[in-house]
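# What the coordinates show
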Amino acid sequence: MAADTQQDQRVRLDKWLWAARLFKTRSLAKDAIEGGKVHYNNQRCKPGKLVEPGARLTVRQGWQERVVVVDGLSDRRRGAPEAQKLYHETEESIRKREERAWQRKTMQAAQLPPARRPSKKDRRDIKRFQEQNGF
C-alpha cells in the first residue's frame, strides 16, 4: 500500500488550502487561518489542523466568502483542474457570492462620478457650507 493514499495521508490545513489553490502561498493561508478568515466545521482553528474528507470550510477572501466541502487530500500544489477535484463549493455559497457581486455592481453604478470638476466658485461654496455645518 502506498504511503500517499487518501486514507493514510495527513495534511495540514494551511498546506491543503495552498494545494487546493485557494491561496497563492502557504504563508497567506496561514495568516488567513490565524486571522480568523478560515473556519473548519464552523470553528476557528490553527494552521496545523489535520484536514479530513467531508469537512466544511468557510473561507473569507476580501469581499468573497466561500463555503467548500473537502473531497480529497493533497499536500502538493498541482494544476488548477486537479486542485478543483479536492473540493466542491456548496450551492448556497455560490448563490450568495453571485448575489453579493450583483449588489456591489449595482451600488457602484449608482455612485456616478460628477460630470465635471468643481469650479473655484463651487469650491468656495462647498467650503462655506462645510464651515457653517461643522464638517
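Anything mentioned here points back to the structure above.
Conventions adopted
- Residues numbered from 1 in each chain as written.
- Predicted model: local features only at pLDDT ≥ 70, side-chain atom pairs only at ≥ 80, totals over all residues.
- Heavy atoms only, no water.
- Helix = DSSP H or I, 4+ residues; strand = E, 2+ residues; numbered from the N terminus.
- Rg over C-alpha atoms; globule rule 2.2 N^0.38 Å.
- Buried < 20%, exposed > 50% of the residue type's maximum accessible area, 1.4 Å probe, protein only.
- Contact = heavy atoms within 4.5 Å.
- Areas by Shrake-Rupley, 256 points an atom, 1.4 Å probe, with all protein chains shown as cover.
- Core = buried A, V, L, I, M, F, W, Y, C linked by side-chain atoms within 4.5 Å.
- Pairing = 2+ DSSP bridges.

Counting secondary structure elements, the chain contains five helices and five strands. Moving toward the C terminus, one meets the helices and strands of the chain in the order α-α-β-β-β-β-α-β-α-α. The globule rule puts the C-alpha radius of gyration for 135 residues at 14 Å, and the 23 Å found for the chain is more than 25% above it. Once the C-alpha set of the chain is aligned to its principal axes, its extents read approximately 80 × 25 × 25 Å. Per-residue burial over the chain gives 27% buried out of 135 residues. For the chain, the proportion of contacts with a sequence separation of at least 24, taken over those separated by at least 6, is 43%. Working note: accessible area of the chain is about 10100 Å², and carbon and sulfur atoms make up 49% of it.

Ranked by internal contacts, the top residues of the largest apolar core, which has 22 residues, are Leu13, Trp16, Leu17, Leu22, Phe23, Val38 and Leu57. Going through the elements one at a time, helix H1 (13–19), helix H2 (26–34), strand E1 (38–40), strand E3 (56–61) and strand E4 (64–70) are the ones with two or more residues in this core.

Take the side chain of threonine 90 next. Within the element layout of this structure, threonine 90 appears in the loop between strand E5 (87–89) and helix H4 (91–110). Sequence-distant contacts of threonine 90, defined by excluding residues within four places in its chain, comprise Arg56, Val67 and Val69.

Attention now moves to the pairing of E4. With six bridges connecting them, E3 and E4 associate as antiparallel partners. Paired with leucine 57 across the bridge in E4 is valine 68. Where E4 lies against E5, three bridges are found, and the strand directions are antiparallel. Considered in E5, the bridge of valine 70 is made with tyrosine 87.

Structural measurements only, silent on function.
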